[in-house]
Amino acid sequence: DKAGHKHFMAKEIAEQPGVIGAAIGHYLTPEGEINISTQDIDFSQFDRIIMVACGTASYACLTAKYWFEQIARLPVEVDVASEFRYREPPIPPRTLAVFVSQSGETADTLAALRYCEGKAARILSVVNVPESSIARESDYALPIHAGVEVGVASTKAFTCQLVVLFALVLKAARDREAITAEAFADHISGLRGLPAIVSTALEQNNTMQEAALKLSHARDVLFLGRGQMYPLALEGALKLKEISYIHAEAYASGELKHGPIALVDEHVPVVVMAPRDALFDKTVSNMQEVMARKGKVILISDSKGQAEANDGVWFSIEMPPVPDALAPILYAIPAQLLAYHTAVAKGTDVDQPRNLAKSVTVE
Ligand code: F6R
């Protein structure tokens, strides 16, 4: 049932304030503590984390790496499951192995988990299907409470994965005494405000549709982001290519001048994801290099960022203000809606893109 929407993907994008709120409700107590039912998980026992997943779930891991390292001061390595499993990496003691999977049945992710059995100190998974193989074979399985996801392109599962991972990061920061009580409380109240901010972003639907109409004529699109927005650029490019079949690539903004800027000319739209945070000025200078080569910039930023930097851009998409750490969750919305409306404009099969399956149970 598409609940009045044209596609399951549109329905699942629209559901996000509700499911994000549900996920937050499950992982926060009314008193503002992190509620992770597996009580014995204690991050002071771990020296490092390895995170393994495929596709969109691997971008949730990459986002969490920035959070774990900056907020909990815990080193994290992220890998895609198909590479991890055959590399046979050494797993030092006191390593927590984390697997993220919507379906909980992805063959490569499950094989990577089995490789870690008996090697990692503990195995934790973040899944949408609690009865799945990956959940059953983990020491700890944390459900994301996103509800059934039908569209092949993952949307609400991604943002709910990020919410659960963020709660886990706060738990880690607490266990490791890496955070002040004040900063902890700020993050908690930020999380509580998130569903309303996501709703506000969804109200920009028409603006994103307008931007998508422009994108739908492109042959190649670049996505740029810096720091914790880099994984979001990767996610935006993946969403766009999988459902609109437009070639899209993402780069860390600082990598632009090391090669990809050679691609930029007046035919190439460049989507820049840049909330007005501590790295904003750096990203803006990369964006100006793009515009100097006639690249067409779509700037996704908040009102402050737009006011400071949208001179000369091709198109502006304004996001509501959000606490810095939570920007990746909010900026998933424009990434999804740009891809969705571009695919609709091109008339592709949004919910069932060619060559793709919802659950990849073969390697
Ligand atoms: C992209 C997408 C895929 C999945 C990947 C992992 O929109 O849906 O990249 O994220 O196949 O699937 P799960 O999370 O089920 O392991």
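Predicted model, so just to flag it, every value in this text is computed and none were measured. (Residues numbered from 1 in each chain as written. Predicted model: local features only at pLDDT ≥ 70, side-chain atom pairs only at ≥ 80, totals over all residues. Heavy atoms only, no water.)

What follows concerns the site of the ligand. The environment of the ligand is made up of 14 residues, and the closest members are S101, Q102, S103, T106 and E242. Between the ligand and T106, the relevant distance is 2.5 Å, taken from an oxygen atom to a side-chain nitrogen or oxygen of the residue. Between the ligand and the protein, one listed contact pairs an oxygen atom with a backbone N or O atom of V152 at 3.2 Å. Of the residues contributing to the shell around the ligand, the split by class is 5 nonpolar, 7 polar and 2 charged. (Near = heavy atom within 4 Å. Polar contact = N/O pair within 3.5 Å; in protein donor to acceptor, adjacent residues only side chain to side chain. Nonpolar A, V, L, I, M, F, W, Y, C, P; charged D, E, K, R; others polar.)

Below, the discussion takes up helix α7 (residues 156-175). The end-to-end C-alpha distance of α7, which contains 20 residues, comes to 29 Å, matching closely the 28 Å that a straight helix rising 1.5 Å per residue would cover. Counting buried residues along α7, 18 of its 20 residues qualify, which places the element largely inside the surrounding structure. A positive phi of about 50 degrees marks E177, the residue just after α7. (Helix = DSSP H or I, 4+ residues; strand = E, 2+ residues; numbered from the N terminus. Expected span 1.5 Å × (residues − 1). Buried < 20%, exposed > 50% of the residue type's maximum accessible area, 1.4 Å probe, protein only.)

Time to look at the nonpolar core. Core analysis: the biggest nonpolar cluster contains 101 residues, and F43, W67, F68 and L194 have the highest contact counts within it. Ranked by the residues each element gives to this core, the list is headed by α7, at 14 residues. In contact with W67, other than residues within four places in its own chain, are A72, L162, L165, F166, V169, Q228, A325, P328 and I329. (Core = buried A, V, L, I, M, F, W, Y, C linked by side-chain atoms within 4.5 Å. Contact = heavy atoms within 4.5 Å.)

Taken together, 5 strands build an open sheet; the order of strands is β2-β1-β3-β4-β5 and the sheet is parallel. The outermost strands of the open sheet, each flanked by one partner alone, are β2 (76-80) and β5 (140-143). Going from strand to strand, the sheet's axes swing by 20 degrees on average, the running direction of each strand aside. Across 4 bridges, the pairing between strand β4 (residues 122-127) and β5 is parallel. Its bridge partner lying in β5, S125 is registered against A141. Running over the sheet, helix α5 (residues 107-116) touches β1 (48-53), β3 (95-101) and β4 and is turned about 165 degrees from β3. (Pairing = 2+ DSSP bridges. Axes fitted to C-alpha atoms, helices over the stretch in contact; angles between N-to-C directions.)

Our focus in this paragraph is helix α2 (residues 16-27). Its 12 residues give α2 an end-to-end C-alpha distance of 16 Å, which sits within 8% of 16 Å, the value for a rise of 1.5 Å per residue. The set of residues buried in α2 consists of Q16, P17, V19, I20, A23, I24 and Y27. On its buried face, α2 is in contact with α1 (8-14), β5, α7, α8 (181-202) and α13 (327-346).

This part takes up the sheet that holds strand β10 (residues 315-319). The strand order β7-β6-β8-β9-β10 describes an open sheet built from 5 strands, whose pairing is parallel. Across the chains shown, the open sheet's two edge strands, defined by having one partner strand only, are β7 (247-252) and β10. Each strand axis lies, on average, 20 degrees off the axis of its neighbour in the sheet, ignoring direction. Bridge count for strand β8 (residues 269-273) against strand β9 (residues 296-302) is 5 bridges, and the pairing is parallel. Each bridged residue has a counterpart across the sheet, and for M273 the counterpart in β9 is I300. Lying over the sheet, helix α9 (residues 205-215) contacts β6 (220-225), β8, β9 and β10, oriented at roughly 150 degrees with respect to β10.

For H145, which is not glycine, the phi torsion reads 60 degrees and is therefore positive. Along the chain, the position of H145 falls in the loop between β5 and α7. Taking the relative accessible area as the measure of exposure, H145 reaches 29% and is therefore partly exposed. Backbone geometry places E177, a non-glycine residue, at a positive phi of 50 degrees. For E177, the location among the structural elements is in the loop between α7 and α8. Residue class for E177 comes out exposed when judged on its relative accessible area of 73%.

For the chain, the mean per-residue pLDDT works out to 96, and 99% of the residues sit at or above 70. Model confidence for the complex: the whole-complex pTM is 0.98, and ipTM, which rates the interface, is 0.99. (pLDDT = per-residue confidence, 0-100.)

So, about the packing of α2 against α7. Where α2 contacts α7, the two axes come as close as 9 Å, and the packing angle between them is 25 degrees. Between α2 and α7, the crossing angle belongs to the class labelled roughly parallel. Where α2 crosses over α7, the handedness of that crossing is right-handed. Of the residues in α7, those touching α2 at Q16, V19, I20, A23, I24 and Y27 are K156, T159, C160, V163, V164 and A167. (Parallel < 35°, antiparallel > 145°, perpendicular 65-115°, else oblique. Left-handed = near helix turned anticlockwise from the far one by under 90°.)

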